[in-house]
Amino acid sequence: MSEGADATGAAVEVRRSRRRTRTVSAYREGGRTIVAIPARFTKTQEREWVERMLERLAAKEARRRPSDAQLLERAMELSARYLDGLAVPASVTWSAHQERRWGSCTVDDRTIRISTRVRGLPSWVLDYVLVHELAHLLQAGHGPGFWELVERYPRTERARGFLEGVAFTHDHGDTGDHVD
């Protein structure tokens, strides 16, 4: 086991395993980055693979945690694809001040805020939240016309179920009771 730090300053721990023969993996565990490699790797191979896996992990996290500018860009893409380009927000930003909502839209100034609780969720869930808020730019309430717009997004039902599960876990905690 060796240690170092990644570009963000997080500790990097390399775990060698005799059972691991060819695969390499990297993941976050607490405040650390774990890179698991085969025990037979040389120090040179270890350095090469740690660098490669840190780059992959950073790229994956960047895709799952877009900037405000990337949120706006994605919203415009989704508007073009599902709402005929008619929903044009002035801004789309992350908001840490939304405890109960996944997103919000102010129609008067065409601003959309997405809860930071959505950060790190699958991209198709974020896309659903964006489409939902974009639809409010075209239909203010949650009437049938609004839902017709939202349901143009093909993963609407799946994303809503996912968010319900996240909310349930947040509200009730993980009881540890798992049904197999």
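Let me sum up the structure you'll find in this document.

So, on to the packing of aromatic side chains. By convention here, two paired aromatic rings are described through the distance between centres and the angle between planes. Under the definition given, this model contains four aromatic pairs. Ring geometry for Phe 41 and Trp 49: centres 6.5 Å apart, planes at 35°, overall tilted. Trp 49 gets classed as partly exposed once you look at its relative accessible area, which sits at 23%. Measuring from ring centre to ring centre gives 5.5 Å for Trp 124 and Phe 162, while their planes differ by 75°; the resulting arrangement is edge-to-face. A residue pair is termed long-range when its members are at least 10 positions apart, and Trp 124 in helix 3 (residues 123-138) and Phe 162 in helix 5 (residues 156-172) qualify at 38 residues. Residue class for Trp 124 comes out buried when judged on its relative accessible area of 14%. The ring centre of Trp 124 lies 4.2 Å from the NZ or CZ of Arg 158, which sits over that ring.

Our next topic: the layout of surface pockets. By volume, the largest pocket is sized at about 350 Å³. Counting only elements with at least two residues in the lining of the largest pocket, the list comes to strand 6 (103-106), helix 3 and helix 5. Class assignment of the residues belonging to the lining of the largest pocket gives a composition of nine nonpolar, five polar and four charged.

Quick look at the packing of helix 2 (residues 68-82) against helix 3 now. Where helix 2 meets helix 3, the closest approach of the two axes is 10 Å, and the angle between their N-to-C directions is 70°. It follows that helix 2 is roughly perpendicular to helix 3 by the angle criterion. Seen from helix 2, the contacting residues are Leu 71, Arg 74, Ala 75, Leu 78, Ser 79 and Tyr 82; seen from helix 3, they are Leu 126, Asp 127, Leu 130, Val 131 and Leu 134. Classifying every residue of the contact of helix 2 with helix 3 by side-chain character gives eight nonpolar, one polar and two charged.

Attention now goes to the side chain of Thr 111. Assignment of secondary structure puts Thr 111 in strand 7 (residues 111-115). With relative accessibility at 15%, the residue Thr 111 sits in the buried group. A polar atom in the side chain of Thr 111 sits 2.8 Å from the side chain of Asp 109. The residues contacting Thr 111, other than those within four sequence positions of it, are Ser 91, Ser 104, Cys 105 and Thr 106.

What counts and what doesn't
Residues numbered from 1 in each chain as written. Predicted model: local features only at pLDDT ≥ 70, side-chain atom pairs only at ≥ 80, totals over all residues. Heavy atoms only, no water. Phe/Tyr/Trp six-rings, centres within 6.5 Å; stacked < 30°, edge-to-face > 60°. Buried < 20%, exposed > 50% of the residue type's maximum accessible area, 1.4 Å probe, protein only. Helix = DSSP H or I, 4+ residues; strand = E, 2+ residues; numbered from the N terminus. Lys NZ or Arg CZ within 6 Å of the ring centre and 35° of its normal. 1 Å grid on protein atoms, 1.4 Å probe; cavity = no way out; pocket = protein on both sides within 12 Å on 5 of 7 lines; lining within 4 Å. Points joined across faces, edges and corners; volume = space filled by probe spheres on them. Nonpolar A, V, L, I, M, F, W, Y, C, P; charged D, E, K, R; others polar. Axes fitted to C-alpha atoms, helices over the stretch in contact; angles between N-to-C directions. Parallel < 35°, antiparallel > 145°, perpendicular 65-115°, else oblique. Contact = heavy atoms within 4.5 Å. Polar contact = N/O pair within 3.5 Å; in protein donor to acceptor, adjacent residues only side chain to side chain.

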